[in-house]
Amino acid sequence: MVDRVFTNCEVRPLSGDDPASAVAVTNGTVTAVGDPDKLSTAGAETVDCQGGILLPGFVDAHTHLDMVGRRAVEADLAGADGPDDCIGRLLAADDGEGWVLGFGYDESDWDGDLLQAATLDRVSTERPVVAAREDIHTVSVNHAALDALDLPDDSVRTEDGAPTGVLVEEAAEAVFDAIVPDYTQTREYLLAAQEVALSRGITAIHDMVRQSHAPRVYRDLDTEDALSLRVRLNYWVDHLDAIRELGLVTNHGSDRVRTGAIKTYIDGSLGAETARLRDPYADSDSVGEWRTDPEALRELVSAVDDAGLQFAAHAIGDAAIDALLSAVESVDAADERHRVEHAEVLTGDLVERLAASSLVVSAQPNFHRWAASGGLYDERLGERRSLTNRFRDLVDAGAQLAFGSDCMPLSPLYGVQQAVTAPEPGQRLTVDEALRAYTSEAAYAGFDEDRMGTVTPGAAADFAVLSASPWDVPADDISDIPVSLTVSDGDIVFEFGQ
Ligand SMILES: [Zn+2]
């Protein structure tokens, strides 16, 4: 018997099937898609979708959900227009005890002066106050925090012999070590972030975890029936031994929480000029750095593959992507769906090699925003900026392309808009292709294509209902379309305005 029928909507199954106007759901699973008059739904509860567009729930293949939660719970300093605005936001978010935390300020939004200790003393002179810059490599703290942190003198920036409160590199890392959230705090962050994710139509995530309480929190929430998202845990490589000892392999777990991949970095970032390139950066002699060199990488891929685990490698520069391809080509890895995260700089033969390999390209359409003339890619790469994030080429060559947000920002519709309006016109995807990369293809990256990512009989009843059609609105307005309903296992888990 059908439990629930979703009507008054345009169903876009994203499976290759035609649009329909209703979906029937039984026990959390889609049982029929079609014309409401032809579905036998006697006794079923009706959910009126108010003329919205019903899509499969978004699968975000690359998240750091604790970061989203941190900004939701603590002061969010993104978009602050000056130090006074930051102080106001820090005071408003202060719960009266412990450290006062704020994240995401960008001094280029005002006159360019970093926040200093004397300014942050206005929030508190007794309790430590931290305001992290957007890139998290620079952190500003007040005098109470300087006292509490007890940092080595040479790591603290000074002016006329006095510390400014601006901390970089190791000193900034020491701040993050000092504010690592405990179990209770992590739980608060993840619950807040779950609300954000559901409000954006996301029903499943591939979350990157490293030495945190997040895995335990997700499993506890699952046990308590408090987890509306489906979560794949991609563990940092320093968990590899523990995972092997416990006998965990990829896809072990429950309906809600599963073991995903083992993740590591091959290189750094373009912003910091640490992404590893074949040819030097446009604005220096450097070719970047290895975080894992090619030989260590080959050993690691083979160890992870032998353990029955998926491997996910952060590789941004063309040399790093090349090294990953060579390592994966050297093991017989067809079943494991190993992944390359980011894969931004795709010069030469890399697109063809990616298409020929079993690697899934887990990319971030959000990063197109750096590709404009005069932008970050232009500065760092010069002409090679036209060879970044080549989604059209990847799709045409037959590569597996999955999308994720990297939480910059956590918003599939923002990513879809970026993919459809790519600065390089030859790399634009259609709305269908971009949505599929954020649903069925992201599901494939997590071995979940039979379970989610399309609206078809047998799939989980996980939906995002949009209040306008991404096929009809101007491409530049796609990210503004409100999500009106998010549905997980047939239950409404987010409703716009509620
Ligand atoms: Zn990331």
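Residues numbered from 1 in each chain as written. Predicted model: local features only at pLDDT ≥ 70, side-chain atom pairs only at ≥ 80, totals over all residues. Heavy atoms only, no water.

Draft legend 1. Representation of the overall build of the protein chain in the model. If you tally the helices and strands in the protein chain, you get 16 helices and 21 strands. Taking 498 residues into account, the globule formula puts the C-alpha radius of gyration at 23 Å, and the protein chain, at 23 Å, falls close to it. C-alpha extents for the protein chain along the principal axes are approximately 80 × 50 × 50 Å. Buried residues in the protein chain amount to 55% of all 498 residues. Counting contacts in the protein chain only where the partners sit at least 6 residues apart, residues at least 24 apart contribute 72% of the total. Of the charged side chains in the protein chain, 37 are positive and 91 negative, and the gap between their average positions amounts to 3 Å. (Helix = DSSP H or I, 4+ residues; strand = E, 2+ residues; numbered from the N terminus. Rg over C-alpha atoms; globule rule 2.2 N^0.38 Å. Buried < 20%, exposed > 50% of the residue type's maximum accessible area, 1.4 Å probe, protein only. Contact = heavy atoms within 4.5 Å. Lys, Arg positive; Asp, Glu negative; His and termini not counted. Charge placed at Lys NZ, Arg CZ, Asp CG, Glu CD.)

Draft legend 2. Fine view of helix α7 (residues 214-223). For α7, the buried fraction is high: 7 of the 10 residues fall into the buried class. Within α7 the residues assigned to the buried category are Ala214, Pro215, Val217, Tyr218, Asp220, Leu221 and Asp222. Lining the buried residues of α7 we find α1 (65-73), α6 (183-199), β12 (202-209), β13 (230-236) and β14 (257-265). Two residues or fewer after α7 comes Asp225, characterised by a positive phi angle close to 60°.

Draft legend 3. How the structure looks around the pattern of salt bridges. Per the counting criterion, the structure on display carries 36 salt bridges. Close ionic contact of Arg230 with Asp255 constitutes a salt bridge, the shortest N to O distance being 3.1 Å. One end of the pair, Arg230, is in strand β13; the other, Asp255, is in the loop between α8 (240-246) and β14, with 25 residues separating them in the sequence. Here Arg230 falls in the buried class, since its relative accessible area comes to 2%. Between Arg451 and Asp448 there is a salt bridge, with the nearest N and O atoms lying 2.9 Å from each other. Judged by relative accessible area, Arg451 falls into the buried class, the value being 17%. (Salt bridge = Lys/Arg side-chain N within 4 Å of Asp/Glu carboxyl O.)

Draft legend 4. Structural detail: the environment of Leu359. Along the chain, the position of Leu359 falls in the loop between α11 (350-356) and β17 (360-363). Sequence separation between Leu359 and Leu114 is 245 residues; the distance between their C-alpha atoms is 42 Å. Apart from residues no more than four positions distant in its own chain, Leu359 is found in contact with Leu324, Leu325, Val328, His338, Arg339, Val340, Leu354 and Gln400.

Draft legend 5. Spatial organisation of empty space enclosed by the protein. The tally for this structure, following the rule as stated, stands at 1 cavity of 30 Å³ or more. One number sums up the size of the largest cavity: a volume of about 70 Å³. For the largest cavity, the full set of lining residues is His368, Ala371, Arg385, Ser386, Thr388, Asn389, Ala422, Pro423, Glu424 and Gln427. (1 Å grid on protein atoms, 1.4 Å probe; cavity = no way out; pocket = protein on both sides within 12 Å on 5 of 7 lines; lining within 4 Å. Points joined across faces, edges and corners; volume = space filled by probe spheres on them.)

Draft legend 6. Inspection of the state of the cysteines at higher detail. Inspection of the entire model under this criterion finds 0 disulfides. There is no disulfide at Cys9, and the cysteine sulfur nearest it, in Cys49, is 4.3 Å away. Given a relative accessible area of 9%, Cys9 falls into the buried group. (Disulfide = S-S within 2.5 Å.)

Draft legend 7. Quick peek at the coordination of the zinc ion. Within the protein, His62 (NE2), His64 (NE2) and Asp406 (OD) serve as the donor atoms for the zinc ion, at 2.0 to 2.2 Å. All donors of the zinc ion belong to a single chain; written as a sequence motif, their spacing is H-x1-H-x341-D. On the criterion of sequence distance, the pair formed by His64 in the loop between β5 (58-63) and α1 and Asp406 in the loop between β18 (400-403) and α14 (412-420) is long-range, its members being 342 residues apart. (Donors = N, O, S within 2.8 Å, 3.2 Å for Na, K, Ca; no water.)

Draft legend 8. Up close: the sheet that holds strand β7 (residues 100-105). On the basis of which strands lie adjacent, the open sheet formed by 6 strands has the order β6-β7-β8-β9-β11-β10 and mixed pairing. Looking at which strands have only one partner, the edges of the open sheet turn out to be β6 (75-76) and β10 (156-159). Both strand β9 (residues 138-141) and strand β11 (residues 162-168) contribute to a ladder of 3 bridges, which runs antiparallel. Residue pairing in the sheet places Thr138 in a bridge with Val168 of β11. (Pairing = 2+ DSSP bridges.)

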